[in-house]
Amino acid sequence: MATIQTFLQVLRSFVANVTTFWEVVSARWAQVFSQFVDNTPAVSAFFFDALWRQVSGWQLPDIAWVLFWDTSWQDMSRLWRALEQLWVALFDLLWLSLVALLPDTDNWWRDFLAIIQSEDAPAYITVTVRLIAVYFVLRLIRPLVNRLFARSATPQQRMLLRRGIQVVIIFAFVVSSLEILDIPLEIFFGAAGVLTLAIGFAAQTSVSNLISGLFLIVERAVELGELIEVDGTTGFVTSIGLVSTRMRTFQNLMVRIPNETMVKAKIINYSRLPIRRIDIAIGVAYKEDIKQVEKMLFTLAEDNPLVLEEPQPLFIFKGFGDSSLDVQLSVWTLSANYLSVFNGMQIAIKDTFDENGIEIPFPHITVYTGSETTPFPVGLEQQVLEQWRADAPLESITSVNQDSQ
Amino acid sequence: MGLIDQNQPTIDDYDRSELEPEVDVEQVVLEPEPEPEVAPPPRWWGDFPLEEYQVGRWQVGSMTLSIYRLPREWRIIYSQGNDPLDPTLDIDVPAEVEAIGIDDNVRRYMFSQTQSPVTLTPVLADRPLVVRPAIPFAIETREEITLYVSLPMWLRISVAGVQQPLYEVPSFRPSDTWFGDSTLQGELCYAARAPAQLNISELPKRPYRAIAPILIRNRDEGSLVLDRIKIPVEYLALYNSKETNQFWTQKIILEQSNGRTKLRLGWGSPQEADKTERVSAPRERARRGLDIGAFGGIFRNTRGLD
């Protein structure tokens, strides 16, 4: 109990600090702003109008997205669009009613701000105004972070920074609002105490995922936009949340992988290193000159501009196979060119082998239809067959068959 | 100055008397009927006026380029060959309209109104070029040598009324290569097929390739083994010698000291060239004493069998 009380005390002092900070900042803001409004009411109206237009035009990460940590904002966009419309309507209504209520003076802006800042302002108005401010600030964070750190940070780092800032702001807002509205924080903590046990059991997986997520972010095994393979699924990383990681496969399927799995599983990262080697297995007939084949393969690798000259292509004579001499050609290429080199080289190899009469053998299947029938006559062309028939009359064949029976 | 003149072969050492027979020998190989008085190759670059519905065709080496002008469209059609030293040089402006071939790449650019002329500017590659000497050799400490390298050029296509160039086509697309200490770190470069030469007359002379003289100084203790050299072509300007139509770059000075390679560039065209004019600026401006790590980069530990 003692520890909880100490914790509450710390929290309360933190809240008090945040609130004071907030008050100082907003008072300062009000002061500056009222001077500005005093001098040029028309300009300020224009300024506000412009600001609102600008802000409402942004495509937005959203409070909802931040709150539902793990849900990327595309998923939330439908809900969010509805909320946004509601929000705009609410904002207009609030604004109009405020303007209607305010005394009819030139400096109604200042009066309005004065009302908000004064001690006897209704708590819900203060909270609402702050909510609006927080909403704008949250909207500003994405473009601001993206612009400021466009070059110095990777998309991954920008995302983390953005989320960090958003969480701090929301936390500060929630705590200070509760304070203003006179809702004692103890209620939550009391309830939390009772629920801790239940939640602890229920949230085991989530917590495990959460901690795995932190490890994943710190370890930087995968980053946004990279091509990875996890548990047999290959795709581009679209988001790394605290609970799960999402990827988009080549078939354009969204795959969600719990972070716990990410931490335990073997991850192959195809994008991390700039170049990679492509191994092409080839079989040639036993009669072929292997030196000539090697020379031909190297020429092909040299002729393809996407195949790297250094590290040099590699030729490996893998062994004497069942029906072919097995060789391997390994060529290096830029990771991004993988597919075109993989296809291009194999097509070129087939074409060149065909041109030079080099045989690529493959196992043949002869169909045998059972012991009751005679085997298929395999491999005889019509002309040869007729010649054969002329040479050996039918009777002799049947007699041979009879003999064998 | 005097010292350098004594040690370094100058343009006079290579001049006509020695050079001419070799040029003839080379031409015998290339062309069945050599002409003793060789006229400089025609100028394939510069401004080319084109009327609407006219087409210009250039065959530069193994690359074929056609540019169509339509009232509202510029159309670029090109195809690339495999021979980096194809001696063909054929300019046909305006030419007959031909059907598009299978291997042709087509690019279209739309405008409200196209304007003549179309301009072809020779430029150097957009990535560094890695070149090897025919046989690797070592430079002893406190020694210096000059190597000559033949560089492939790109054709930058721009049209009147548009600031940005429309497109760049390589006269020959060199193979990619990797230059770095390992497969983990390094830089994507082009590989020059023609080896670096100690003697300028051994270089293939083509009107669509530029010659770059490279002076390499070894200020390190111990010898410097030259196996591969990375040439930072993005810092080089192009010069054209008026009489022979040969392209040149500035002299490149690579100085190795304390394990670092400092890059310095000569002023203007090199002394080996005759009267020249500057035809294109470098893609990037070089900082003084830039450390470019131009030597080495051999993969010793990636050759194993898996």
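Higher on the page you've got the structure.
The rules behind the values
- Residues numbered from 1 in each chain as written.
- Chains lettered and ligands numbered in written order.
- Predicted model: local features only at pLDDT ≥ 70, side-chain atom pairs only at ≥ 80, totals over all residues.
- Heavy atoms only, no water.
- Helix = DSSP H or I, 4+ residues; strand = E, 2+ residues; numbered from the N terminus.
- Buried < 20%, exposed > 50% of the residue type's maximum accessible area, 1.4 Å probe, protein only.
- Contact = heavy atoms within 4.5 Å.
- Areas by Shrake-Rupley, 256 points an atom, 1.4 Å probe, with all protein chains shown as cover.
- Expected span 1.5 Å × (residues − 1).
- Pairing = 2+ DSSP bridges.
- Axes fitted to C-alpha atoms, helices over the stretch in contact; angles between N-to-C directions.
- Phe/Tyr/Trp six-rings, centres within 6.5 Å; stacked < 30°, edge-to-face > 60°.
- Lys NZ or Arg CZ within 6 Å of the ring centre and 35° of its normal.
- Core = buried A, V, L, I, M, F, W, Y, C linked by side-chain atoms within 4.5 Å.
- Salt bridge = Lys/Arg side-chain N within 4 Å of Asp/Glu carboxyl O.

Student: Sorry if this is basic, but what is going on with the overall build of chain B here?
Tutor: Counting secondary structure elements, chain B contains 3 helices and 22 strands. The burial tally for chain B puts 48% of its 306 residues in the buried class. Across chain B, contacts joining residues at least 24 apart in sequence account for 76% of those joining residues at least 6 apart. Surface accessibility of chain B: about 15,900 Å² in total, with carbon and sulfur atoms responsible for 48%.

Student: Can you help me understand helix 6 (residues 123–148) of chain A in this one?
Tutor: The α-helix advances 3.6 residues per turn, and as a result positions three or four apart in sequence lie on the same side. Spanning 26 residues, helix 6 of chain A covers 36 Å between terminal C-alpha atoms, matching the ideal 38 Å at 1.5 Å per step. Every buried residue of helix 6 of chain A is accounted for by T126, V127, R130, I132, V134, Y135, F136, L138, R139, I141 and V145 of chain A.

Student: Which parts of the structure should I look at to understand the sheet that holds strand 8 (residues 129–131) of chain B?
Tutor: Residues and elements named next belong to chain B. Here 4 strands make up an open sheet; going across it, the order is 12-13-8-16 and the pairing mixed. Unpaired on one side and paired on the other, strand 12 (175–179) and strand 16 (229–231) mark the two borders of the sheet. Averaged over all pairs of adjacent strands, the angle between their axes in this sheet comes to 45°, without regard to strand direction. Pairing of strand 12 with strand 13 (residues 187–191), which is carried by 5 bridges, proceeds in the antiparallel orientation. In the sheet register, S175 faces strand 13, and the bridge partner there is A191.

Student: What am I meant to see in the side chain of R217 of chain B here?
Tutor: By secondary structure assignment, the location of R217 of chain B is in strand 14 (residues 209–218). Each residue touching R217 of chain B, except ones within four places of it in the same chain, is listed here: E143, E144, I253, L254, E255, Q256 and R264 of chain B.

Student: Is there a simple way to think about the packing of aromatic side chains in this case?
Tutor: The description of two aromatic rings rests on the distance between their centres and on the angle between their planes. Tallied over the entire structure, the rule returns 11 aromatic pairs over all chains. Centre to centre, the rings of W154 of chain B and Y190 of chain B are 5.2 Å apart; their planes meet at 45°, and the pair counts as tilted. Pair noted here: W154 of chain B is in strand 10 (residues 144–159) and Y190 of chain B is in strand 13, with a separation of 36 residues, a long-range link. Connected via pairs of aromatic rings, a cluster forms that spans Y286, F317 and F320 of chain A. The cationic tip of R276 of chain A hangs over the ring face of Y338 of chain A; the distance from NZ or CZ to the ring centre is 3.8 Å. When the ring centre of W45 of chain B is taken as reference, the NZ or CZ atom of R43 of chain B above it lies at 3.9 Å.

Student: Help me out: how do you make sense of the nonpolar core in this one?
Tutor: Side chains of nonpolar character tend, in soluble globular proteins, to be buried together. Ranked by internal contacts, the top residues of the largest apolar core, which has 53 residues, are W44, W58, L65, V118, L151 and I231 of chain B. Element by element, the count of residues in this core is highest for strand 10 of chain B, at 8 residues. Excluding residues that lie within four positions of it along the chain, W44 of chain B makes contacts with W58, V60, L89, I91, L120, P122, M153, L155, P207, Y208 and F247 of chain B. Within the second largest apolar cluster, 20 residues are counted, among which are V284, M296, L300 and I358 of chain A.

Student: Is there a simple way to think about the pattern of salt bridges in this case?
Tutor: Pairing of side chains with opposite charge becomes possible as their charged atoms draw close. Taken as a whole, this structure holds 24 salt bridges over all chains when the rule is applied. The shortest N-O distance in the salt bridge between R132 of chain B and E310 of chain A comes to 2.8 Å. Here the residue R132 of chain B occupies a position in the loop between strand 8 and strand 9 (137–139), and E310 of chain A occupies one in the loop between helix 11 (290–303) and strand 7 (314–320), the pair thus bridging two chains. Of the residues examined, R132 of chain B reaches a relative accessible area of 23% and is grouped as partly exposed. The partner of E255 of chain B in a salt bridge is R217 of chain B, with the nearest N and O atoms 3.3 Å apart. In this pair, E255 of chain B is assigned in strand 19 (residues 252–257) and R217 of chain B in strand 14, connecting sequence segments 38 residues apart. For the pair formed by E255 of chain B and R217 of chain B, the shared burial category is buried. Through salt bridges with shared partners, a single network forms among E309 and E310 of chain A together with R132, D227 and R228 of chain B.

Student: For this particular structure, what's the right way to read unusual backbone geometry?
Tutor: Note: most peptide bonds trans; most residues except glycine with negative phi. Look at the link from E310 of chain A to P311 of chain A: it is a cis peptide, with omega at 0°. Assignment of secondary structure puts P311 of chain A in the loop between helix 11 and strand 7. The amide bond that connects S116 of chain B to the next residue, P117 of chain B, takes the cis arrangement and shows omega of 0°. Relative to the helices and strands, P117 of chain B is located in the loop between strand 6 (105–110) and strand 7 (118–124).

Student: What exactly am I supposed to notice about the pairing of strand 2 (residues 233–240) of chain A here?
Tutor: Each regular strand displays side chains that alternate between the two surfaces of the sheet. All names here are of chain A. Note that strand 1 (residues 227–230) and strand 2 share 4 bridges and pair antiparallel. By the bridge assignment for strand 2, E229 is matched with T234. Between strand 1 and strand 2, which pair antiparallel in sequence order, lie 2 residues; one of them, D231, sits at a positive phi of approximately 50°. Taken together, the 5 bridges between strand 2 and strand 3 (residues 244–249) define a ladder with antiparallel strand orientation. When the bridges of strand 3 are listed, I240 appears paired with T245. As consecutive antiparallel partners, strand 2 and strand 3 are separated by 3 residues.

No statement about biological role is implied by the geometric values presented.
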